[in-house]
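Each chain, written out:
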Amino acid sequence: MFVKQVKPKDFDCGYNLDRMIASLPRIEDEDERIEYAERAVGLIKQSHPNWVDDNEESPEAWDHFFELAEYDPNEYGIYNPYEK
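Figured I'd write up the structure that's included with this text. Keep in mind the model is a prediction, meaning the values are calculated, not measured. (Residues numbered from 1 in each chain as written. Predicted model: local features only at pLDDT ≥ 70, side-chain atom pairs only at ≥ 80, totals over all residues. Heavy atoms only, no water.)

1. Quick look at the side chain of His48
Step number 1: Residue placement: His48 occurs in the loop between α2 (30-47) and α3 (59-68).
Step number 2: Owing to a relative accessible area of 9%, His48 belongs among the buried residues under this scheme.
Step number 3: Ignoring anything within four residues of it in the chain, the contact list for His48 reads Asp10, Asp12 and Cys13. (Helix = DSSP H or I, 4+ residues; strand = E, 2+ residues; numbered from the N terminus. Buried < 20%, exposed > 50% of the residue type's maximum accessible area, 1.4 Å probe, protein only. Contact = heavy atoms within 4.5 Å.)

2. Points about the pattern of salt bridges
Step number 1: Within the structure shown, the criterion is met by 2 salt bridges.
Step number 2: The salt bridge partner of Lys9 is Glu70, with a shortest N-O separation of 2.6 Å. One end of the pair, Lys9, is in the segment before α1 (15-23); the other, Glu70, is in the segment after α3, with 61 residues separating them in the sequence.
Step number 3: Among the ionic pairs, Glu35 bridges to Arg39, the shortest N-O distance being 2.8 Å. With Glu35 and Arg39 both in helix α2, this residue pair falls 4 residues apart, about one helical turn.
Step number 4: For Glu35, a relative accessible area of 41% translates into the label partly exposed.
Step number 5: Relative accessible area serves as the criterion here: at 48%, Arg39 is assigned to the partly exposed category. (Salt bridge = Lys/Arg side-chain N within 4 Å of Asp/Glu carboxyl O.)

3. What to know about the environment of Tyr71
Step number 1: Relative to the assigned elements, Tyr71 resides in the segment after α3.
Step number 2: By relative accessible area, Tyr71 is classed as buried at 18%.
Step number 3: Sequence separation between Tyr71 and Trp51 is 20 residues; the distance between their C-alpha atoms is 23 Å.
Step number 4: Tyr71 has contacts with Ile21, Leu24, Pro25 and Tyr76, leaving out every residue within four places of it along the chain.

4. As for α3
Step number 1: The set of residues buried in α3 consists of Ala61, Trp62, His64, Phe65, Phe66 and Leu68.
Step number 2: Where α3 is buried, its residues contact α1 and α2.

5. Let's talk about the environment of Glu38
Step number 1: Along the chain, Glu38 falls in helix α2.
Step number 2: For the pair Glu38 and Asn50, spaced 12 residues apart in the sequence, the C-alpha separation amounts to 18 Å.

6. Regarding the side chain of Ser23
Step number 1: Residue position: Ser23 is located in helix α1.
Step number 2: Take Ser23: its relative accessible area is 14%, and that puts it in the buried class.
Step number 3: At a separation of 2.9 Å, a polar atom in the side chain of Ser23 contacts the main-chain carbonyl oxygen of Met20. (Polar contact = N/O pair within 3.5 Å; in protein donor to acceptor, adjacent residues only side chain to side chain.)

7. Structural notes on the packing of α2 against α3
Step number 1: One way to put it is that α2 packs onto α3 with a least axis distance of 9 Å and a crossing angle of 115 degrees. Between α2 and α3 lies a crossing of right-handed hand. Counting all contacts with α2, which are made through Ala37, Glu38, Ala40, Val41, Ile44 and Lys45, the residues of α3 involved are Ala61, Trp62, His64 and Phe65.
Step number 2: Residues belonging to the contact of α2 with α3 are distributed by class as follows: 7 nonpolar, 1 polar and 2 charged. (Axes fitted to C-alpha atoms, helices over the stretch in contact; angles between N-to-C directions. Left-handed = near helix turned anticlockwise from the far one by under 90°. Nonpolar A, V, L, I, M, F, W, Y, C, P; charged D, E, K, R; others polar.)

See the structure below:
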């Protein structure tokens with residue numbers, strides 16, 4: 001009856017980030033999925049302001065997003081803009 005509770009993968013962002021990342025593969029529209037992924041990265045940037053540079057860019061936040069995902073975001077059209 002209750003949702004199984006586990007510790008969040010990122011304590012600063014909490015369960016909401018875990019749920020956001022886990023729900024991305026279920027979003028059928030690719031543009032909407034990419035926009036939602038960018039929101040998740042925005043949450044990471046807010047929770048880890050020391051990862052954000054003066055230009056509001058954060059390769060670390062995108063790397064963290066890809067580490068937290070239990071799937072390959074590239075398979076869903078979500079790409080790290082800082083990946084070489």
